[in-house]
Amino acid sequence: IRLLTAIISLFLSVAAYYFDDIINSDGVMYMEMVQAYMQGGLAAMADIYDWGFFTLLVAWLSDLFSSPVEFTANALNSVLFVVFTDALLLISRQLLPNIRQVAIAAVLILAFYTINDYRDFIIRDIGYWAFTAVAFYHFIRYQSQNSNFTALSWQSAMLVAVLFRIEGIVLLALVPLFSFYRQ
């Protein structure tokens, strides 16, 4: 189910980019930030917007693979959508009692309008959503296994989410309180 969901998620992202060739306004800003970074470094990029992890990641990947910046951003977002849908599916597997219900959850996740509506956007938010979902998955596992690995996994994933959006710091601070409350 996970592999099929990942393939369909990737296909949905590619189709969204193929059929909608207009870049969203945030995407335009991120592309400008990448160009500013490539031409003038971090200071030039920060003049446009001061939270640039997504932009830096796009710039570095674009350099690494010698690919166009817009293509790199779209490919990165496609991969992040796969991570996001997979994390949601893993969370469903933890919470639902049987595989048939997980399959139904996979269909609902893939068909969810709000998620699909953002597939053609170039946004940093999907990185935040993906790694927050991965963090929650590992936190759920931590609640049942209570191992160092699962504790480090959810914290690491949440730190990566914070790199995409600073708002993640609130979750990083509050999730341990849930664990204390539960105990």
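Residues numbered from 1 in each chain as written. Predicted model: local features only at pLDDT ≥ 70, side-chain atom pairs only at ≥ 80, totals over all residues. Heavy atoms only, no water.

Here the structure, examined in full by the defined rule, presents three salt bridges. In this structure, the salt-bridge partner of Asp 86 is Arg 2, at a minimum N-O distance of 2.8 Å. Here Asp 86 is found in helix α4 (residues 69-95), whereas its partner Arg 2 is found in helix α1 (residues 2-19), with 84 residues between them in sequence. The class for Asp 86 is buried, based on a relative accessible area of 18%. For Arg 2, a relative accessible area of 45% gives the class partly exposed. Across the pair Glu 167 and Arg 165 runs a salt bridge whose closest N-O atoms are separated by 3.0 Å. (Salt bridge = Lys/Arg side-chain N within 4 Å of Asp/Glu carboxyl O. Helix = DSSP H or I, 4+ residues; strand = E, 2+ residues; numbered from the N terminus. Buried < 20%, exposed > 50% of the residue type's maximum accessible area, 1.4 Å probe, protein only.)

Scanning the entire structure with this criterion turns up nine aromatic pairs. When the ring of Tyr 30 is compared with that of Phe 54, the centres are 5.3 Å apart and the planes differ by 70°; the resulting orientation is edge-to-face. Remark: Phe 54 occurs in helix α3 (residues 53-65) and Tyr 30 occurs in helix α2 (residues 25-48); sequence separation between them is 24 residues. In this pair, the class of Tyr 30 matches that of Phe 54, namely buried. (Phe/Tyr/Trp six-rings, centres within 6.5 Å; stacked < 30°, edge-to-face > 60°.)

Right, let's talk about the packing of α1 against α4 for a bit. Two elements in contact, α1 and α4, have axes whose closest approach is 9 Å; the angle formed by their N-to-C orientations is 145°. By crossing handedness, the relation of α1 to α4 is classed as right-handed. On α4, the residues that touch Arg 2, Thr 5, Ala 6, Ser 9, Leu 10, Ser 13 and Tyr 17 of α1 are Asn 74, Asn 77, Ser 78, Phe 81, Val 82, Thr 85, Asp 86, Leu 89 and Leu 90. (Axes fitted to C-alpha atoms, helices over the stretch in contact; angles between N-to-C directions. Left-handed = near helix turned anticlockwise from the far one by under 90°. Contact = heavy atoms within 4.5 Å.)

Purely geometric stuff here, so don't read any function into it on its own.
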